[in-house]
Amino acid sequence: MAEDFRSRFRVLTDGSDTPLGADHHIFIGPQHPWAEEPAHFIIHLKGERVVEANIRIGFNLRGMEKAMEARTWRQNTMLIPRACGICSAVHQNVYVRLVERLAGIEDQVSERAKLIRMFSCEAERVHSHMLWYGILAHDAGFDTLFHVTWRDREIIMDIVEDISGNRVNPALMLIGGVKRDLPKEKADKARPMINDLIKQVEYHKKVFTEETSIVNRLENVGVLTKEDAKKVTPNGPTARGSGLPYDIRKTFPYELYDDIDWNVVYYTEGDVLATTLVRLDETLESLRMLNQILDRLETASGELLQRVKPRISEGKYMTRAEAPRGEDIHYGIANGTDKPERYKIRAPSLGNIDATLKRMDGEYIADMPVILRSYDPCFSCTNRVMIINQSTGEKKIMGQDEFARRAIKAKKYNRPFF
Amino acid sequence: MSKKKLLVMGREVIKNQAKGPVTLHISERLEKHPPPEDIRTIPRIIEEKCIMCGTCVKVCPTHCLWMEKDDKDNGMIWLLRPQCMWCGHCQTYCPKDAIHIDREPSLSVSLFSFNVRQDYEMICAKGSFKGEKAEKKLAEVIEEGAKTIKEIEEFRS
Amino acid sequence: MSDALNELENILNITIPKDLVEGVVKVEKGHFDVISPSEKAYDLMKILHDDAGIYHLSTISAYEKDDSFNVCYHIQHRIEEEVKEIPINFIVTKIDKDNPKTPSMIDFFVAADYYERECYDFYGIYFNDHPFMERLILPEKWPDDVRPMKKEYSWEQIREITLNLAKQISEDD
Ligand code: SF4
Ligand code: SF4
């Protein structure tokens with residue numbers, strides 16, 4: 001199998017080692033007007049068509065796995081959501097379920113706590129998907145739709161803020177339960193907002209399927225067939241757009257997803273339009289789920305938080321969850337102390353890179369932004385700043401602490417920063 | 001373009017002209033759309049309830065709390081405000097419910113003040129640590145900050 | 001062990017030769033650990049891939065165990081009719097710490113490329129027959145002998161190395 005993909009094991013530094021027939025090479029990133037994310041794409045072209053695409057990653061290693069080994073299980077509960085800027089609740093959900101299982105209290109978590117966790121996860125899926133198809137419209141040159149979707153996204157952001165106290169980082173979950181309750185007044189306030197949003201998302205879907213200017217941009221672009229998808233193992237909406245109907249909420253249910261009425265969305269066309277429609281339908285599905293969860297919360301009871309000892313007994317366990325972007329998998333090893341022995345995080349974007357490179361083969365260069373966007377790339381920010389003094393050319397590297405401290409001093413003594 | 005389409009577009013244009021701008025000034029927006037009552041900001045301690053057990057210092061993920069104490073009734077807890085990420089762990093694990101996350105929206109405005117005197121804050125002082133000792137500590141912290149500035153200046157010259 | 005092995009064989013519809021596996025552990029309902037020493041791991045994975053038809057690799061995690069390395073392949077057996085997944089943690093044990101070498105599984109999973117190179121970066125485990133065993137995540141000028149996820153390096157040491165590296169790079173150019 002390696003032979004099929006051997007071409008991409010080539011290193012390209014100066015353009016000398018290129019695939020057969022390529023006459024132009026385009027470099028995208030790590031800093032590029034299109035890409036807010038630090039990844040380096042190398043695209044080989046013959047005329048206007050892509051012959052082959054390549055990627056380099058690793059521009060923002062933050063050393064989180066190492067940092068987690070130096071902190072306690074309890075402290076890590078609040079470090080883990082920082083793995084991703086948008087899907088923070090899902091990372092936290094995977095983490096707390098893993099630790100609960102290692103501590104042996106996974107049965108004691110009450111129904112109410114589980115429902116609140118699910119609410120947080122689904123609300124996050126809604127706002128993540130809306131963000132994504134807004135930016136997709138922007139990349140396809142349809143800025144009106146971008147503004148409309150982002151305006152409507154504020155509705156769900158307000159609900160999340162009302163319930164958790166923060167817009168994108170709800171941080172509701174704790175080992176053994178949840179931190180805050182979702183009282184009836186808040187549920188009553190949220191219900192009409194959710195119904196409004198359902199109408200709006202249905203309208204977005206109508207635009208995406210009927211407005212020819214955007215359909216032409218997405219249809220039959222970057223087709224990934226089911227056979228190819230099985231080889232390059234994409235996950236999440238990328239896979240469900242190519243006819244692989246696997247959603248971890250269905251295939252390996254966690255929390256109470258098997259108790260709630262919902263459907264897996266999948267399309268078989270495999271183009272960018274299919275992945276868009278998967279996300280649009282999933283948004284609607286999630287919004288309906290939110291309504292069901294609020295209904296169930298009226299009768300559900302139970303303690304919100306179980307007491308858990310800080311020391312976690314020896315063992316190892318793997319948990320997965322369906323993040324908005326795909327499959328999120330954590331593997332944790334405990335050694336009997338209050339700190340983890342080893343903790344491994346794999347966020348969904350890394351698993352989808354192969355599929356995206358495969359999508360690009362033979363496409364027009366003008367379709368690159370849409371295809372690159374199709375898997376919802378999400379890397380995260382660095383922790384180190386380099387300051388260059390322009391007049392002298394002198395450079396200094398500072399850690400975050402020093403940077404903050406310097407900024408503080410500059411303000412206090414009313415001096416220029418440098 | 002057909003005549004009908006032109007007419008529709010023209011109507012929209014006139015309608016939007018009459019309506020005026022949709023965007024709002026930030027102060028107007030805040031009035032119409034206030035932040036929710038229970039947003040999370042920095043922690044506060046009720047001094048009478050606190051028993052100086054140190055749990056909040058131990059569980060804080062960002063190490064932004066620290067304490068100095070002699071015994072149960074003598075001690076103080078400091079908070080480095082810009083470093084606190086408002087996660088609420090200190091509230092969850094406090095055995096006496098002495099610490100709670102403040103819900104004052106206006107607090108968030110002054111958070112990134114970049115001023116040493118405001119960044120380091122003593123959120124709890126008990127017994128003999130009240131007053132004089134706290135002042136001394138504050139002076140120490142500011143002095144430390146001044147030292148770093150000197151270092152940076154040496155680097156620049 | 002044999003109960004769990006039988007159950008797994010029934011689910012996958014294959015027979016697993018006893019001498020290839022070191023042990024099978026049932027973690028919970030429909031979730032297994034398969035343990036195999038590094039000399040035999042390739043043959044066992046070949047059976048799982050070719051006969052049982054497992055094609056999805058979620059990730060690979062390496063970790064230190066006593067005086068050897070373990071590498072864990074998280075693979076999913078998918079049953080399309082029932083829309084079900086059976087997660088299997090395929091643990092390759094007994095990788096010598098002084099000369100860490102283990103067979104690469106890139107013949108079965110293309111995705112193994114990135115994950116194996118990540119393990120190589122962080123632990124220095126060399127995957128035999130991988131066509132392009134190069135750095136993926138660590139910076140280009142990172143010292144070759146420092147494998148940051150090993151227990152012998154503390155958090156502070158890594159920070160020191162990173163800062164020195166950054167200083168050196170900024171002096172160079
Ligand atoms: S605030 Fe609570 S946790 Fe912190 S020292 Fe006081 S009693 Fe202990
Ligand atoms: S809110 Fe979180 S970060 Fe802030 S002091 Fe409390 S535990 Fe520390």
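Residues numbered from 1 in each chain as written. Chains lettered and ligands numbered in written order. Predicted model: local features only at pLDDT ≥ 70, side-chain atom pairs only at ≥ 80, totals over all residues. Heavy atoms only, no water.

Participant: What's the story with the environment of Pro-37 of chain C in this structure? I'm lost.
Facilitator: Residues and elements named next belong to chain C. Along the chain, Pro-37 turns up in strand E2 (residues 31-37). Looking at Pro-37, the relative accessible area reads 9%, which means it is buried. Residues Pro-37 and Thr-93, 56 residues apart in the sequence, show an inter-C-alpha distance of 4.8 Å. Ignoring anything within four residues of it in the chain, the contact list for Pro-37 reads Leu-20, Glu-22, Val-92 and Thr-93. (Helix = DSSP H or I, 4+ residues; strand = E, 2+ residues; numbered from the N terminus. Buried < 20%, exposed > 50% of the residue type's maximum accessible area, 1.4 Å probe, protein only. Contact = heavy atoms within 4.5 Å.)

Participant: What is the right way to look at the interface of chain A and chain C in this model?
Facilitator: A common way to report how large an interface is uses the accessible area buried once the components associate. At the junction of the two partners, chain A supplies 53 residues and chain C supplies 60 residues. Note on chain A versus chain C: buried area summed over both sides is about 4900 Å², and carbon and sulfur give 59% of it. In this assembly, chain A and chain C are joined by 5 salt bridges. Arg-101 of chain A is the salt-bridge partner of Glu-28 of chain C, the closest N and O atoms lying 3.9 Å from each other. One can count 19 residue pairs in polar contact (both at pLDDT 80 or more) joining chain A with chain C. (Buried area = accessible area lost by both parts, 1.4 Å probe. Salt bridge = Lys/Arg side-chain N within 4 Å of Asp/Glu carboxyl O. Polar contact = N/O pair within 3.5 Å; in protein donor to acceptor, adjacent residues only side chain to side chain.)

Participant: How should I be thinking about the domain arrangement of chain C in this particular structure?
Facilitator: Residues and elements named next belong to chain C. The domain boundaries assigned to chain C delineate domain 1 (3-134) and domain 2 (138-173). Its C-alpha centre places domain 1 at a distance of 31 Å from the equivalent point of domain 2. Interface area, domain 1 with domain 2, both sides summed: about 660 Å², of which 53% is carbon and sulfur. Scanning the region where domain 1 abuts domain 2 turns up 0 salt bridges. At the surface where domain 1 touches domain 2, the tally comes to 5 residue pairs in polar contact (both at pLDDT 80 or more). If one sorts the elements of the side of domain 1 that touches domain 2 by residue count, helix H3 (residues 112-123) sits on top with 4 residues. Here the residues of the side of domain 1 that touches domain 2 are counted per class, giving 4 nonpolar, 1 polar and 2 charged. (Domains from an automatic or database assignment. Nonpolar A, V, L, I, M, F, W, Y, C, P; charged D, E, K, R; others polar.)

Participant: Explain the environment of Phe-32 of chain C to me, please; I cannot follow it from the model alone.
Facilitator: Residue and element names in this part refer to chain C. By the secondary structure assignment, Phe-32 is in strand E2. Taking the C-alpha atoms as reference, Phe-32 lies 8.5 Å from Phe-90; in sequence the two are 58 residues apart. With near-sequence residues (within four places) excluded, Phe-32 lies in contact with Ala-4, Glu-7, Leu-8, Ile-11, Val-24, Val-25, Lys-26, Val-27, Ile-86, Pro-87, Ile-88 and Asn-89.

Participant: Help me understand the sheet that holds strand E8 (residues 340-346) of chain A in this model?
Facilitator: Strand pairing in a sheet relies on backbone hydrogen bonds. The paired strands run either parallel or antiparallel. All names here are of chain A. Taken in spatial order, the 3 strands make up an open sheet running E6-E7-E8, and their pairing is antiparallel. Only two strands of the sheet have a single neighbouring strand rather than two, namely strand E6 (315-323) and E8. Across the sheet, the mean angle from the axis of one strand to that of its neighbour is 10°, orientation sign disregarded. Pairing of strand E7 (residues 326-334) with E8 involves 6 bridges; the strand directions are antiparallel. Residue pairing for E8: Ile-333 is matched across the bridge by Arg-342. (Pairing = 2+ DSSP bridges. Axes fitted to C-alpha atoms, helices over the stretch in contact; angles between N-to-C directions.)

Participant: Please explain the layout of surface pockets as it appears in this structure.
Facilitator: If a probe as big as a water molecule is rolled over the atoms, it shows which places are left empty. Empty space within the second largest pocket amounts to approximately 770 Å³. What lines the second largest pocket is a set of 31 residues, among which Phe-252, Pro-253, Tyr-254 and Tyr-317 of chain A together with Glu-28 of chain C lie closest to the centre. Sorting the residues of the lining of the second largest pocket by element identifies helix H3 (88-103), helix H4 (111-139), helix H10 (248-251) and E6 of chain A together with helix H1 (2-12), strand E1 (23-28) and strand E5 (84-96) of chain C as the ones contributing at least two each. Across the lining of the second largest pocket, the residue classes tally to 10 nonpolar, 4 polar and 17 charged. (1 Å grid on protein atoms, 1.4 Å probe; cavity = no way out; pocket = protein on both sides within 12 Å on 5 of 7 lines; lining within 4 Å. Points joined across faces, edges and corners; volume = space filled by probe spheres on them.)

Participant: Before we go on, may I ask you to explain the nonpolar core in this structure?
Facilitator: The nonpolar side chains of soluble globular proteins are, as a tendency, buried together. Formed by 157 residues in total, the largest nonpolar core has its most connected members in Tyr-73 and Phe-90 of chain C. For Phe-90 of chain C, the contacting residues outside a window of four places in its chain are Val-34, Ser-36, Ala-41, Leu-44, Met-45, Leu-48, Val-71, Cys-72, Tyr-73, Ile-75 and Met-105 of chain C. In terms of nonpolar packing, the next biggest core, distinct from the first, is built from 19 residues, Cys-50, Cys-64, Ile-77 and Trp-86 of chain B among them. (Core = buried A, V, L, I, M, F, W, Y, C linked by side-chain atoms within 4.5 Å.)

Participant: I would appreciate a short explanation of the pattern of salt bridges in the present structure.
Facilitator: Any two side chains of opposite charge can pair, given that their charged atoms come close. Residue and element names in this part refer to chain A. Scanning the model with the defined rule gives 40 salt bridges over all chains in all. A salt bridge links Glu-255 to Arg-117; the shortest N-O distance between them is 3.3 Å. Placement of the pair is Glu-255 in the loop between H10 and helix H11 (272-297) and Arg-117 in helix H4, with a sequence separation of 138 residues. Of the two residues examined, Glu-255 and Arg-117, each falls in the buried class. Linking Glu-122 and Arg-249 is a salt bridge whose minimum nitrogen-to-oxygen distance equals 3.4 Å. On the criterion of sequence distance, the pair formed by Glu-122 in helix H4 and Arg-249 in helix H10 is long-range, its members being 127 residues apart. Exposure remark for Arg-249: the relative accessible area of 2% places this residue in the buried category. The structure contains a network of salt bridges with shared partners spanning Glu-122, Arg-125, Arg-240, Asp-247, Arg-249, Glu-282 and Glu-322.

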